[in-house]
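Structural features, examined
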Amino acid sequence: MTARQLGLAPGYRLLCYDSIGSTNEEAKCLASSGAPEGTLVWAREQTAGRGRRGRPWISPNGNLYVSLILRPDCRISSVGQLGFVAALAVGGALRAIVRPIERLAYKWPNDLLLNGRKIAGVLLESETVGSEKLSFVVVGVGVNLIASPQGTEFPATSILEEGYGEIIPEVMLEEFVTHFRSWFANWRAEGFASVRAAWLAAAAIARGEPIRVRLDALALCGRFRDLDREGNLLLDCAGECRRITAGEVFPAA
Ligand code: BTN
């Protein structure tokens, strides 16, 4: 299958695999050997799919697993914003395919929830040249279309399990790329402001709501204050505002 057969926009090049370890791993190898921005690595299944924070991403046939190589000319501290761009693209794609889809929301940093359960996640990986210059970013996206893992700490679900029927991965991929292209162009031209606003408008947790945020070694309880201008979570916690750059959000116990 080619990008043209799938109807992908110019500038995107598609590499398809029936089975692969991890599309992110493959995309990183390709990017290190000079693959251009717009290269998409898509697999029908992954045997060693990876999630954030070192977790596995169970990847049976029927869901979407895709990784996109980007070479943005931005500060290293802004790379995390691309996770929000990707999350909005997944949300836009699902809204375009499944009408109407209710209770679709974003959970910090880049998860998508449907009816309060996780249906999609984003894994960003980047490489720098020296300490200043970005070489590439790989944006890995997994969407539970027909199956979801059981027994996860944060409950998961799929489009099919929520009663929205079967979406085939090809259709989801096409729509994802269309929406990503548009949000990415917006981000490049105007920065994070409208991405941040769109994300906040459909955030799973409203400002002021109590949450628990798990960091590496500890958990913080507080109230969601805001998303800052880099995409960090601001948490009002024990009388001070904490800026959180990486972690996992749960409803307050
Ligand atoms: C998360 O933990 O929420 C992020 C999940 C990211 C999974 C996708 S599936 C395609 C790409 N390849 C991987 O190994 N992981 C990402």
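Keep in mind it's a predicted model, so treat the numbers as computed, not measured.

Conventions and cut-offs
Residues numbered from 1 in each chain as written. Predicted model: local features only at pLDDT ≥ 70, side-chain atom pairs only at ≥ 80, totals over all residues. Heavy atoms only, no water. Pairing = 2+ DSSP bridges. Helix = DSSP H or I, 4+ residues; strand = E, 2+ residues; numbered from the N terminus. 1 Å grid on protein atoms, 1.4 Å probe; cavity = no way out; pocket = protein on both sides within 12 Å on 5 of 7 lines; lining within 4 Å. Points joined across faces, edges and corners; volume = space filled by probe spheres on them. Domains from an automatic or database assignment. Phe/Tyr/Trp six-rings, centres within 6.5 Å; stacked < 30°, edge-to-face > 60°. Near = heavy atom within 4 Å. Polar contact = N/O pair within 3.5 Å; in protein donor to acceptor, adjacent residues only side chain to side chain. Areas by Shrake-Rupley, 256 points an atom, 1.4 Å probe, with all protein chains shown as cover. Nonpolar A, V, L, I, M, F, W, Y, C, P; charged D, E, K, R; others polar.

**Examining the pairing of strand S11 (residues 240-244)**
Note: strand S10 (residues 233-237) against S11, 5 bridges, orientation antiparallel. In the sheet register, Leu235 faces S11, and the bridge partner there is Arg242.

**Here's the deal with empty space enclosed by the protein**
Tallying each qualifying case throughout the model produces 1 cavity of 30 Å³ or more. Each pocket or cavity is described by its volume, and for the largest cavity that value is around 50 Å³. Together, Tyr106, Lys107, Trp108, Trp199, Ala203, Ile205, Ile211, Phe224, Leu233 and Val249 line the largest cavity. Counting residues domain by domain, the lining of the largest cavity receives three or more from each of domain 1 (3-201) and domain 2 (210-251).

**Section: the packing of aromatic side chains**
Summed over all chains, the structure comprises 7 aromatic pairs. Ring centres 6.4 Å apart and planes at 25° place the aromatic pair Tyr106 and Trp199 in the stacked group. One end of the pair, Tyr106, is in strand S4 (residues 104-107); the other, Trp199, is in helix H5 (residues 193-201), and 93 residues separate them in sequence. Where Phe154 meets Phe250, the ring centres are 6.1 Å apart and the plane angle is 45°; that geometry is what we call tilted.

**Remarks on the site of the ligand**
Close contacts around the ligand come from 21 residues, with Ser22, Gln46, Arg50, Arg52 and Lys118 the closest. For the ligand, an oxygen atom lies 2.7 Å from a polar atom in the side chain of Ser22. Contact between the ligand and Thr23: a nitrogen atom at 3.0 Å from a side-chain N or O atom of the residue. Notes on the ligand: free accessible area 410 Å², of which the protein chains cover 100%. Listed by contribution, the elements that provide at least two residues to the shell around the ligand are helix H2 (23-32), strand S3 (64-70), strand S6 (117-129) and strand S7 (133-143). The dominant element in the shell around the ligand, judged by the number of residues it contributes, is S6, at 4 residues. Looking at the shell around the ligand residue by residue, the class counts come to 6 nonpolar, 10 polar and 5 charged.

Such coordinate-based values are descriptive only and should not be taken to indicate function.
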